[in-house]
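# Secondary and tertiary structure notes
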Amino acid sequence: FERATDIVSKIDIDKVSDCGERKLLLDLSIARSKTAWDVSDRTVAIALLNRAKSLLFGSPDHHKALANQYLAFGKTALAKSEIQDLNDALKLMNEALDLYEKGLRVARTREEIMELRDLRSKTLRFISAVHLQMNEFESVIKCVRVLREGCESGDHHPSLSVLAMKGWLGLGKYAEAEKELRGRVVNKGIPEGVVVSAVEAYFQAAGT
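Residues numbered from 1 in each chain as written. Predicted model: local features only at pLDDT ≥ 70, side-chain atom pairs only at ≥ 80, totals over all residues. Heavy atoms only, no water.

Another point: the overall build of the chain. In terms of helices and strands, the chain carries ten helices and zero strands. Taken from the N to the C terminus, the helices and strands of the chain come in the order α-α-α-α-α-α-α-α-α-α. Counting only C-alpha atoms and orienting by the principal axes, one finds that the chain spans roughly 70 × 40 × 25 Å. Counting only residues that meet the buried cut, the chain has 40% of its 208 residues in that class. Excluding contacts between residues fewer than 6 apart, the proportion of contacts in the chain whose partners are at least 24 apart in sequence is 59%. Accessible area of the chain: about 11,800 Å², with a carbon and sulfur share of 52%. Charge separation in the chain, taken as the distance between the mean sites of 31 positive and 30 negative side-chain charges, equals 2 Å. (Helix = DSSP H or I, 4+ residues; strand = E, 2+ residues; numbered from the N terminus. Buried < 20%, exposed > 50% of the residue type's maximum accessible area, 1.4 Å probe, protein only. Contact = heavy atoms within 4.5 Å. Areas by Shrake-Rupley, 256 points an atom, 1.4 Å probe, with all protein chains shown as cover. Lys, Arg positive; Asp, Glu negative; His and termini not counted. Charge placed at Lys NZ, Arg CZ, Asp CG, Glu CD.)

Listed below in C-alpha cells is the structure:
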C-alpha cells in the first residue's frame, strides 16, 4: 500500500476523467483506510476516507462504496460501547448517511434508487441505536419518525417499534411506549423471544 500510495501521489486527480479509473483510485483509498483501521490507526483511516470524497465521480456506485466503509467503521465503533467510541460511531454513520443521500441524487435506475434507500434506512436505524446507547432519547424518537414518514410507504422494520418504545421509556412517556409495545406484540412476523425481551424492558422501566 505504501508503494501504491507513492504512485497515486504522482497522479493529478483532476485530470482523471474516466469513471473506471476514478473507481480504481477510490477502491485503493478505501483499502488503505481499512488497512490503517486494522492496525488501530483510526485517525489515519478516517482521514483517508475523508480524502477519498474528492474521487467521487457522479456514479451512485462510488457514493455507495465510500458510504459502506464509513458505515462499517461506525458499526465497529458502536460495538465497543465506550462514550468516545459512540461519538465516533455517530460521526461515521452521519457521513455514511450523507453519502447515501448524495448517491440517491445521481441514481438513475429503479434498482439503484431502491438499494440506496434501503441503505439509508439501515444507517438511520443504526444512528437511532447509537442515540439510545447515549441516552439521547429525543433523538431516538426523531430518527424513528423520519424513517416512518420516509419516501413512499416509509420504513416498517421490526426494530423500529423497539427503538421507539425504549425512546419513550427513556423520556418517561409510558403511554406512548405501551402503544409501541402493543403494536409489536400483534406483529406475527417478529420472533417471540424479541417480543418477550421488549415486554421485560417495558415492565422494568414502567412497572407492572
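Structurally, the position occupied by T123 is in helix α6 (residues 110–133). There is a polar contact of 2.8 Å between the side chain of T123 and the backbone oxygen of L119. (Polar contact = N/O pair within 3.5 Å; in protein donor to acceptor, adjacent residues only side chain to side chain.)

All right, on to the nonpolar core then. Formed by 54 residues in total, the largest nonpolar core has its most connected members in L26, L66, Y70, Y100, V130 and M165. With ten residues, the top contributor of residues to this core is helix α5 (residues 83–106). With residues up to four places along the chain from it excluded, the contact list for L26 reads A52, L55, L56, H62 and L66. (Core = buried A, V, L, I, M, F, W, Y, C linked by side-chain atoms within 4.5 Å.)

As for its position among the elements, N135 is in the loop between α6 and α7 (137–148). As a C-alpha pair, N135 and G167 span 32 residues in sequence and 8.4 Å in three-dimensional space.

One non-glycine residue, S40, lies in positive phi territory at about 65 degrees. Within the secondary structure, S40 is located in the loop between α2 (19–38) and α3 (42–52). Take S40: its relative accessible area is 66%, and that puts it in the exposed class. At N135, a position not held by glycine, the phi torsion is positive, near 60 degrees.

Packed helices, taken two at a time, are described by the angle between their axes plus the distance between the axes. Running from N to C, helix α8 (residues 159–170) and helix α10 (residues 192–206) point in directions that differ by 5 degrees, and their axes come no closer than 10 Å. Overall, the two elements α8 and α10 adopt an arrangement that is roughly parallel. Listed contacts from α10 to V162, M165, K166 and L169 of α8 are A198, A201, Y202, A205 and A206. Among the residues forming the contact of α8 with α10, the class breakdown is eight nonpolar, no polar and one charged. (Axes fitted to C-alpha atoms, helices over the stretch in contact; angles between N-to-C directions. Parallel < 35°, antiparallel > 145°, perpendicular 65-115°, else oblique. Nonpolar A, V, L, I, M, F, W, Y, C, P; charged D, E, K, R; others polar.)

Attention shifts here to helix α9 (residues 174–185). Between its first and last C-alpha atoms α9 spans 16 Å; for twelve residues at 1.5 Å apiece the expected length is 16 Å, and the two agree. Every buried residue of α9 is listed here: A177, E180, L181 and R184. In a view along the axis of α9, the buried residues occupy a sector of 100 degrees, so they form one face of it. When the buried face of α9 is taken as reference, the exposed residues oriented beyond 90 degrees from it are K179 and R182. Looking at the buried residues of α9, the elements they touch are α7, α8 and α10. (Expected span 1.5 Å × (residues − 1). Arc of directions from axis to C-beta.)

This next bit is on the packing of aromatic side chains. Under the defined criterion, the tally for this structure stands at two aromatic pairs. Seen from their ring centres, W37 and F73 are 4.0 Å apart, and the 5 degrees between their planes marks the pair as stacked. One end of the pair, W37, is in helix α2; the other, F73, is in helix α4 (residues 60–80), with 36 residues separating them in the sequence. With respect to burial, W37 and F73 carry one shared label: buried. (Phe/Tyr/Trp six-rings, centres within 6.5 Å; stacked < 30°, edge-to-face > 60°.)

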